[in-house]
Amino acid sequence: MNGIQIRKMEKEEAELVWKIGRQSFGFVEGLAFQKPQNAFLAIIDNKIAGMASYKLFPAKNNQKIGYVETCFVKKEYAGKGVGTQLYQKATQFLKEQGCETAAATVKDDNVASWKLFENNGYHITGYMQMLKHYGFTGTIRLWFQSTLAIATGFDIWTTIPVKRSSVSMQIVLFALLNLLILLPSLLFGGGITDLGVKAAAVTVLLASSLAGGLLYVLLSREKWHFRVTRGGLLISVLVTGLGGYWPMAGRFYPEKYQRTSKFSRSMGLEGLFEWLAILLLVGAGAAWQDQSVFWQEVCALGTTLLLLHSLPMYPFACFGGNRIWEYSKILSVGTMIISGVGIFVL
């Protein structure tokens, strides 16, 4: 195999790159992948091995935001440094175009991309940090053009120098976001009392999920930290406001990622412990739902949360189902069956 050549994509190559990209992503993400307008290609042996597309748009004080829109590497070239060179080239190019910072959206458990972005000076960036640096208009533009508004389980990474917030602050943010997304339900016929009951049920359910994950973290030898992902807020507001339930995702993440079966086991068990904690609470809700409206709500919302935590495909994967699937297909199928039965029986 010859070396990797990084060059700009020609306009007539966009159709072919689009087809290759759709094959490289999963089914749902492949449907969302749009034909690139501006991109860099990685070429190996005269074949397209990967791509990184980009956009530029304005922020406050005549700043420019450089956005690495999409990146993929064909499976046969994974682990050969293709993604690293593509991101390095795209980031450097955006700086040369006058962009003070670069940004990208990354899926929460995308192990390879995490390390790659950290090595290129990117950091997970929160809403307040974006507002401070980009202004309100720039943040809103980035929020929508990066698809962060609807990309559940994704985070925005930027080259803005940031300091990671404490675990306690992340837990508080997790709780606040999941309570705030309930407020729009008042606009669709819900009363204050109904909102209060639902908020109490959501709090107890999310606390049980958090407790389950924490129990495994305490038993595990790895170092973990809790983090709430910022992506998908608009979807959470719309679905929950219309009477459904789509929480903001928050969970424990290991400090150090490894490509080992032991690591996959740790990730899977963390997801399984969360699911089991919710199952226990739903079981309690089923036993006591005749006694109060609160337990009825716990049971109703809990069965939905159980299903969300069991499904391994996007956009549900960020709730933990994919972690279980990657560890054990048998366990994963079992959680999906039990969760599905709960939806119809309870």
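Refer to the preceding data block for the structure.
Residues numbered from 1 in each chain as written. Predicted model: local features only at pLDDT ≥ 70, side-chain atom pairs only at ≥ 80, totals over all residues. Heavy atoms only, no water.

**Student:** How do you make sense of the packing of helix 10 (residues 293-308) against helix 12 (residues 329-345) when you look at a structure like this?
**Tutor:** Each pair of packed helices can be summarised by the angle the axes make with each other and by the distance between the axes. Remark: helix 10 packs on helix 12, axes separated minimally by 8 Å, with the N-to-C direction vectors making an angle of 155°. Compared by their axis directions, helix 10 and helix 12 come out roughly antiparallel. By crossing handedness, the relation of helix 10 to helix 12 is classed as left-handed. For the pair helix 10 and helix 12, contact is made by T303, T304, L306 and L307 and by S339, G340, G342 and I343, respectively. (Axes fitted to C-alpha atoms, helices over the stretch in contact; angles between N-to-C directions. Helix = DSSP H or I, 4+ residues; strand = E, 2+ residues; numbered from the N terminus. Parallel < 35°, antiparallel > 145°, perpendicular 65-115°, else oblique. Left-handed = near helix turned anticlockwise from the far one by under 90°. Contact = heavy atoms within 4.5 Å.)

**Student:** Looking at this structure, how should I read the sheet that holds strand 6 (residues 123-124)?
**Tutor:** Remark on secondary structure: sheet strands pair via backbone hydrogen bonds, oriented parallel or antiparallel. Overall, mixed pairing links the 7 strands, which are arranged 1-2-3-4-5-7-6 in an open sheet. A single partner strand is all that each edge strand has here, and the edge strands are strand 1 (5-8) and strand 6. (Pairing = 2+ DSSP bridges.)

**Student:** Looking at this structure, how should I read a nonpolar patch on the surface?
**Tutor:** A surface patch of nonpolar side chains, about 590 Å² in accessible area, is lined by V333, I337, V341, I343, F344 and V345. Tracing the sequence through the fold places I343 in helix 12. (Patch = residues over 30% accessible without salt bridge, like charges linked within 9 Å, V, L, I, M, F, W, Y side chains within 5 Å. Areas by Shrake-Rupley, 256 points an atom, 1.4 Å probe, with all protein chains shown as cover. Salt bridge = Lys/Arg side-chain N within 4 Å of Asp/Glu carboxyl O.)

**Student:** Sorry if this is basic, but what is going on with the packing of aromatic side chains here?
**Tutor:** Note on aromatic pairs: each is described by the distance of the centres and the angle between the planes. For the coordinates displayed, the defined rule picks out 16 aromatic pairs. When the centroid spacing of 5.8 Å and the interplanar angle of 90° are considered together, the rings of F154 and Y314 count as edge-to-face. Of this pair, F154 sits in strand 7 (residues 154-158) while Y314 sits in the loop between helix 10 and helix 11 (321-327), placing them 160 residues apart in sequence. Take F154: its relative accessible area is 12%, and that puts it in the buried class. An aromatic cluster is present here, built from Y87, F117, Y122 and W157 joined pairwise through their rings. The ring of W18 has K35 sitting right over it, with the charged end atom 5.8 Å from the ring centre. When the ring centre of Y253 is taken as reference, the NZ or CZ atom of R323 above it lies at 5.1 Å. (Phe/Tyr/Trp six-rings, centres within 6.5 Å; stacked < 30°, edge-to-face > 60°. Buried < 20%, exposed > 50% of the residue type's maximum accessible area, 1.4 Å probe, protein only. Lys NZ or Arg CZ within 6 Å of the ring centre and 35° of its normal.)

Function cannot be inferred from these measures alone, as they are strictly geometric.
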